Amino acid sequence: MNWAILIVAGLFESGFAFCLGKMKDASGAAWGLWCAGFLVCLALSMALLGKAAQTLPIGTAYPVWTGIGAVGTVVLGIVFLHEPASALRLFFTAVLIASIVGLKAVSH
C-alpha cells in the first residue's frame, strides 16, 4: 500500500511542477488559481511522501518520489507546454524510469 501512496505522491509532485510552469505565463486571477493548485499539490505530495516514508526506507522513497515527479514533469512539459521531445531527452527519461523500477526491485 505504501508503494501506491508513494506513486501518488510522485504524481502530485509532477502536478506542482506543472502548476509552476503554468504560473510563468499567467497573470491576475489565473496566476492565483495556478498558485493555489501548486500549494495544494505541494501539500498533498509532501504529506503522502511522509506517510510512505513511515514504512519505506527514506533512501528508496525519496529518490523514487523525485524520479516519478521528474518523469511526470517531463511528460507534462512535452504534452502540454510544448517542450522539446528530443531523442536524448527521451533516452534519459527512460533511464530515470529504469532507475525507479530498479530501486523498487531491490527494496525489501
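What you see is a predicted model; the values in this text were computed from it and never measured. Each chain has its residues counted from 1, following the order in which its sequence is written. Two thresholds apply to this predicted model, a pLDDT of at least 70 for residue-level local features and 80 or more for giving and counting side-chain atom pairs, whereas whole-chain, interface and lining totals are computed over all residues. With hydrogens and water stripped out, all remaining heavy atoms of the structure feed into the side-chain values.

1. Section: the UniProt feature "transmembrane region" (unreviewed entry) in the chain
The UniProt entry lists residues 29-49, 61-81 and 87-106 under the feature "transmembrane region" (unreviewed entry), expressed in the numbering used here. By the criteria applied, helices consist of DSSP H or I runs no shorter than four residues and strands consist of E runs no shorter than two, each listed in order from the N terminus. Here residues 87-106 is 100% helix and 0% strand, with 29 Å between the C-alpha atoms at its ends. UniProt positions are given in the numbering used here, feature names are shortened, and annotations may be inferred rather than shown by experiment.

2. Side note on the pattern of salt bridges
Definition used for salt bridges: Asp or Glu carboxyl oxygen within 4 Å of a side-chain nitrogen of Lys or Arg. Per the stated rule, a full pass over the model turns up one salt bridge. The salt bridge involving Arg 89 is made with Glu 83; its shortest N-O contact spans 3.1 Å. The exposure class assigned to Glu 83 is partly exposed, which follows from its relative accessible area of 31%. Burial here depends on accessible area, computed with a 1.4 Å probe over protein chains only, as a share of the maximum for the residue type. Under 20% is buried, over 50% is exposed, and the range in between is partly exposed.

3. Some details on helix α3 (residues 58-80)
Across its 23 residues, α3 extends 32 Å between first and last C-alpha, which sits within 8% of the 33 Å expected from 1.5 Å per residue. Looking at the buried residues of α3, the elements they touch are α1 (2-23), α2 (28-52) and α4 (87-106). Where α3 ends, the next residue or the one after it, His 82, has phi of about 60°, a positive value. A helix is expected to span 1.5 Å multiplied by its residue count minus one. Note on contacts: a residue pair qualifies if any of its non-hydrogen atoms lie within 4.5 Å across the two residues.

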